[in-house]
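What follows is each chain in one-letter form.
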Amino acid sequence: MNLVIFIFIVLLGFTSYYFGRKKAYSIQATNTRLTALPQFYGYYLAIWCAIPAFIIYSLWAIFEPSIVKLIILSDYSNQGYLDDELNLIYEKTKSLSRGQFSGEITTYLETSAEKYLNLRSIAQNSKVVLILAIIIASIVYGYKRISSNNRTREPVEKFLNAVLFTASLAAILTTIGIVFSLIFQTIDFFKVIPLFDFIFGTHWYPAKAFVRDASEPLDPSMYSDTFGAVPIFAGTFFIALIAMCVAIPIGLMSGIYLAEYASTKVRQYAKPLIEILAGIPTVVYGFFAALTVGPFLKDIGTAMGLEVSAESALAAGGVMGIMIIPFISSLSDDVITSVPQSLRDGSYAMGATKSETIKKVIFPAALPGIVGSILLGVSRAVGETMIVVMASGLAANLTFNPLESTSTITAQIVVILIGDQAFGDPKTQAAFALGMTLFLVTLSLNIFALRVVKKYREKYE
Amino acid sequence: MNKNKEKLLNSRYRAEKRFQFYGKSAIFLALLFLTIFIFKIFSTGYTAFQKTWLIVPVTFDAETMYLDENPSKEDLEDADYFDLALQTMFDLDKSASEKQQNDLKRMVSYFFEREIKRELLNDPSLIGKTKDVYLTASDDLDQVFKGNYPRDLPEDQRRVTDYQLKIFDQLVEQGRVESKFNLSFFTYPDSREAELAGIASSFMGSIFSILVCLVIAFPVAVLAAIYLEEFAPKNRFTDFIEVNINNLAAVPSIVFGLLGLGILLAVFQLPRSTPLVGGITLSLMTLPTIIIACRASLKAVPPSIREAALAMGASKMQTTMHHTVPLSMPGTLSGTIIGLAQALGETAPLILIGMVAFVNTIPGSPLDPAASLPVQIYIWAESAERGFVEKVSACIMVLLGFLIIMNLFAQIIRHKFEKKWS
């Protein structure tokens, strides 16, 4: 039914476009000068026809269920039910009205179900009537405006401008959405677990916080020594460090080589090839790390008499480093190429070799940009999920031995939230608190890095 | 004095050589990783495109199937094929003990009953006759036949018994084992049994997610980019929007998963595990990528075009919609495709919104629970069974194939249709 209304409105919108344009032609035929091109008359009428109807339509869709629920449950309001029980009654009523209810049917429920169906049909009918009325009213209004040859281009363009502006708000809305989705759960989490315990605690065993009975009051002492995030922060930092140990030398050196030494031909092929590394999905890297690199390191380690875990931080960090190489290489390549030629010429004129010029002149000049690219790489490493989930351990050990397994913020979020989640449970909330930490850390890294890069660009422009 | 100078010069030249060598080896290392990587995936994955079949003579005995004479089509549909199928397997070794009979049964997939049924439904005249039927071998025997399974392990450490190996070798000798192209890998949904697992369900899940993502992200991103590039006044607010877009592009994908979980599932109560929610989550992620690409290509349209249109009396909106935007479309489209390719490879956010559920049906709409190709890779990679290793690699090959096609497509659009202004 809703789809039918939707299609009806759309079709009506198209038809009114043609009507509007026709009207414009007929005005033109009377030798009156039009105030805009004929199609603007069409757009004008189409907008008047469809937009008010759509607004009513979507408002209705948003508010109808909750209003119906309110009316149904008002019958039960004075009987001392809890909120959860009321919700259950409502769900039962709904499924009974659909004929899918398989529990005990009481007379109360039956009357509610009847009332529900009744309300729904009233709502449906009044919706159709209201939307039709709105459409007719707005078309009549719009048509009148057109007939008196009012301006049509300006309002249409104003409307389009508003649409464009609304679309550009999407980015802000997404950010707000991220903050909102994280903040409430995080606040709830810190109501149970003190912030201090979270930041400085050294034991992380979320599995201990099993789903509790909802009717029992929350006992914070139950969770002491459960959500201490130090091992995870340390693991995140450690794996990112290993990754950067791989990525920085290789990425930076290949960036320098591509920018300064490579012939156009080598550059033409090597650059996109290296960038393929950035296009490979991270789950593929994870599989590679878990299947190939992990066992390989273990074999080497055992041959050397070392004890290496099959899921070592080294395997995860190393593979993550390979993934980050192209980020650093192409960004530092860009940065180095944008160093002005005059600096190089000056250095060559003083008799410096190419490598001396790079080390003593270009590198210092490009340093801010390179630092920015490295920071962006670090932010990638901190936020990387699948490689760690698949190749490093899921247990949070507080260790700085690269041959043992550690866990990271991202991996713990996945471990906690995979499968069914119970909102309102400290364990689930812990994942959101970790997400908040991750968001804040990467956000500040990004803002800082982007600012550094921007400043650097301005310097040479 | 002169000698010292020469020495210094030589050492400086050596330093130069060394530095160049470091640069070359860095590039070499990066390309080496890429090669190892691709080689490893292909060498473990290519066998998954072959499937091992046992060719077993089946006697379609009407009595075993409880069929009357001249059965109708419905009778054939409802007949009991299980006993017949069991009997077929037991006939491979008439002297088998009860335990060995069980082993015999486990040499083929549990689809053997259906495979025999299909054969008879195709040709009902087979009743009472004997015909060689292709049965899917169990994943362990499949791996043995492909040489991926070490036969020299002690019996209690492998999943194939000595007895099964003996019968299997007999069949191989008689030429009754055959390897054919594994079509079911592309047409079957996921399964707990490696020999029957296919990518159809996760493939459809990926397609639906990407479509939802495209439908939402593309229009919003293009409109936003047009506003920011062409209409937005330079003020604090538009600066703020810009900062937001740049930051969103670098927010870790898992945070978008938390957004999907905390807002789309918890607040808006959208159905869990569905490509609809996955697509919306991915669209929020690709939005900044497309906006940035679209803005770049709008910026590349030279001002002379706009000025010419304005000079002819077009309004600002007409100039933009009739001239600037169409000219920027190739760049926008290729940016969109690259953004979608990124979204196609994304795993973590989809795991959080529940697209890791085991789905053994092929989803028919974005509202049916589904996995996606990368999530399927994750699910299979976490399974212990040996048969899944090659499946993972094969699934990766399919995914990489799609990514390559999409990127090539983006390149072609860019090179073919983009106008060079100079």
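All values derive from a computational prediction rather than experimental measurement.

Calculation notes
All residue numbers here refer to positions counted from 1 along the written sequence of the relevant chain. Written order decides the labels, with chains lettered from A and ligands numbered from 1. Owing to the predicted nature of the model, reporting of local features is limited to residues with pLDDT of at least 70; listing and counting of side-chain atom pairs is limited to 80 or more, with chain, interface and lining totals taken over all residues. Put simply, a nonpolar core is a cluster of buried Ala, Val, Leu, Ile, Met, Phe, Trp, Tyr and Cys residues tied together by C-beta atoms within 7 Å. Counts of 20 or more other C-beta atoms within 10 Å of a residue's own C-beta define buried residues, counts of 12 or fewer define exposed ones, and intermediate counts define partly exposed ones; C-beta atoms are placed from the backbone. Numbering of helices and strands runs from the N terminus; a helix is a DSSP stretch of H or I covering at least four residues, while a strand is a stretch of E covering at least two. By the convention adopted here, residues make contact when the C-beta atoms placed from their backbones lie within 7 Å. Throughout, an axis means a line fitted to C-alpha atoms (over the contacting stretch in the case of helices), and angles, computed between N-to-C directions, take values from 0 to 180 degrees. Should an angle fall under 35 degrees it is taken as roughly parallel, and over 145 as roughly antiparallel, whereas 65 to 115 is taken as roughly perpendicular and any remaining angle as oblique. Here is the rule for handedness: rotate from the far helix to the near one, and if that takes an anticlockwise turn smaller than a right angle the crossing is left-handed, while a clockwise turn gives right-handed. Classes in brief: Ala, Val, Leu, Ile, Met, Phe, Trp, Tyr, Cys and Pro nonpolar; Asp, Glu, Lys and Arg charged; the others, Gly included, polar. Each domain's extent is set by a domain assignment, obtained either automatically or from a database. Any two strands with at least two DSSP bridges between them are considered paired. Multiply 1.5 Å by the residue count of a helix minus one, and that product is the helix's expected span. Bend at a residue means the angle formed by two fitted axes: the first through the 7 residues ending at that position, the second through the 7 residues beginning there.

Peer 1: Sorry, what's going on with the nonpolar core here?
Peer 2: In a soluble, globular protein the nonpolar side chains are often hidden away together inside. Grouped together as the largest cluster of nonpolar side chains are 185 residues, with contacts concentrated most on Ala289(A), Val319(A), Ala221(B), Ala224(B) and Ile377(B). A per-element tally of this core places helix H9 (residues 200-231) of chain B first, with 18 residues. Other than its neighbours up to four places away in sequence, Ala221(B) contacts Leu287(B), Ile290(B), Ile291(B) and Cys294(B). Judged by nonpolar contacts, the second largest core, of 28 residues, contains Val58(B), Met65(B), Phe112(B) and Leu135(B).

Peer 1: Could you clarify how one ought to interpret the packing of helix H16 (residues 373-382) of chain B against helix H17 (residues 387-417) of chain B in this entry?
Peer 2: Any two packed helices are characterised by how steeply their axes cross, that is the angle between the axes, and by the distance between the axes. All names here are of chain B. Their axes nearest at 9 Å, the elements H16 and H17 cross at an angle of 165 degrees. The angle between H16 and H17 places the two elements in the roughly antiparallel class. Helix-helix and strand crossings are classified by hand; for H16 and H17 the assignment is left-handed. Packed against H16, whose contacting residues are Leu373, Pro374, Gln376, Ile377, Trp380 and Ala381, the element H17 presents Phe388, Lys391, Val392, Cys395, Ile396, Val398 and Leu399 at the interface. A per-class count over the contact of H16 with H17 returns 11 nonpolar, one polar and one charged.

Peer 1: Please clarify how the interface of chain A and chain B should be interpreted in this entry.
Peer 2: Bring the parts together and some accessible area is lost; that lost area is often taken as the interface size. Taken together, the contacts link 68 residues of chain A with 63 residues of chain B. For the side of chain A that touches chain B, the leading source of residues is helix H6 (residues 170-192) of chain A, giving 11 residues. Across the side of chain A that touches chain B, the residue classes tally to 45 nonpolar, 20 polar and three charged.

Peer 1: Would you take a moment to explain the environment of Lys5(B) for this structure?
Peer 2: Residues and elements named next belong to chain B. In this fold, Lys5 is placed in helix H1 (residues 2-45). C-beta crowding within 10 Å serves as the criterion here: with 9 such atoms nearby, Lys5 is assigned to the exposed category. A sequence separation of 84 residues divides Lys5 from Met89, and the C-alpha atoms of the two residues are 88 Å apart.

Peer 1: Before we go on, may I ask you to explain the domain arrangement of chain B in this structure?
Peer 2: Residue and element names in this part refer to chain B. Taken as a whole, chain B is organised into domain 1 (47-181) and domain 2 (200-417). Measuring from the centre of the C-alpha atoms in domain 1 to the corresponding centre in domain 2 gives 46 Å. Contacts between domain 1 and domain 2 engage nine residues on the former and seven residues on the latter. Residue composition of the side of domain 1 that touches domain 2, by class: three nonpolar, three polar and three charged.

Peer 1: Even after reading the chapter, I still don't get unusual backbone geometry, so can you show me in this structure?
Peer 2: If a residue is not glycine, its phi is most likely negative; likewise, a peptide bond is most likely trans. Residues and elements named next belong to chain B. In this model, Gln269 sits at a positive phi of 55 degrees, which is unusual for a non-glycine residue. The class of Gln269 is exposed, set by 9 C-beta atoms lying within 10 Å. In this structure, Ser273 takes a positive phi of about 65 degrees despite not being glycine. Using a count of 21 C-beta atoms within 10 Å as the deciding quantity, one classes Ser273 as buried.

Peer 1: In this structure, what is going on with the pairing of strand E1 (residues 50-59) of chain B? I would like to understand it.
Peer 2: Each regular strand carries side chains that alternate between the two faces of the sheet. Residue and element names in this part refer to chain B. Looking at chain direction, E1 and strand E3 (residues 177-181) are connected through five bridges and run antiparallel. Of the residues in E3, the one forming a bridge with Lys51 is Lys180. As paired elements, E1 and strand E2 (residues 130-136) share seven bridges and run antiparallel to each other. Each residue of the ladder has a partner; that of Val56, found in E2, is Val133.

Peer 1: Please clarify how the environment of Phe101(A) should be interpreted in this entry.
Peer 2: All names here are of chain A. By the secondary structure assignment, Phe101 is in the loop between helix H3 (83-97) and helix H4 (107-147). Judged by the 16 C-beta atoms lying within 10 Å of it, Phe101 is partly exposed. Counting along the chain gives 10 residues from Phe101 to Glu91, while the straight-line C-alpha distance between them is 9.7 Å. Here Phe101 is in contact with Lys92, Ser95 and Leu96, once residues within four sequence places are set aside.

Peer 1: Would you take a moment to explain the domain arrangement of chain A for this structure?
Peer 2: Splitting chain A by domain gives domain 1 (2-160) and domain 2 (230-459). When each unit is reduced to the centre of its C-alpha atoms, the spacing between domain 1 of chain A and domain 2 of chain A is 51 Å.

Peer 1: What's the story with the environment of Glu115(B) in this structure? I'm lost.
Peer 2: Residue and element names in this part refer to chain B. Tracing the backbone through its elements, the reader meets Glu115 in helix H5 (residues 112-122). Sequence spacing of Glu115 and Ala85 is 30 residues, and the spatial spacing of their C-alpha atoms is 9.2 Å. Once residues lying within four places of it in the same chain are set aside, the contact partners of Glu115 are Val133, Leu135 and Thr136.

Peer 1: Mind showing me how you'd approach the sheet that holds E3(B) here?
Peer 2: Strands pair in a sheet through their backbones, by hydrogen bonds, and they do so in one of two ways: parallel or antiparallel. Residues and elements named next belong to chain B. If you trace the three strands from one edge of the open sheet to the other, you get E2-E1-E3, paired in antiparallel fashion. Every other strand in the sheet has two partners, leaving E2 and E3 as the edge strands with one partner each. Strand-to-strand, the axes of this sheet are offset by a mean angle of 40 degrees, without reference to chain direction.

Peer 1: What exactly am I supposed to notice about helix H14 (residues 316-344) of chain B here?
Peer 2: At 3.6 residues per turn, the α-helix brings residues three or four places apart onto the same side. For H14(B), spanning 29 residues, the distance from its first C-alpha to its last is only 37 Å, which falls clearly below the expected 42 Å at 1.5 Å a residue. At Met329(B), H14(B) shows its strongest bend, of approximately 50 degrees, with the proline Pro330(B) following within four residues.

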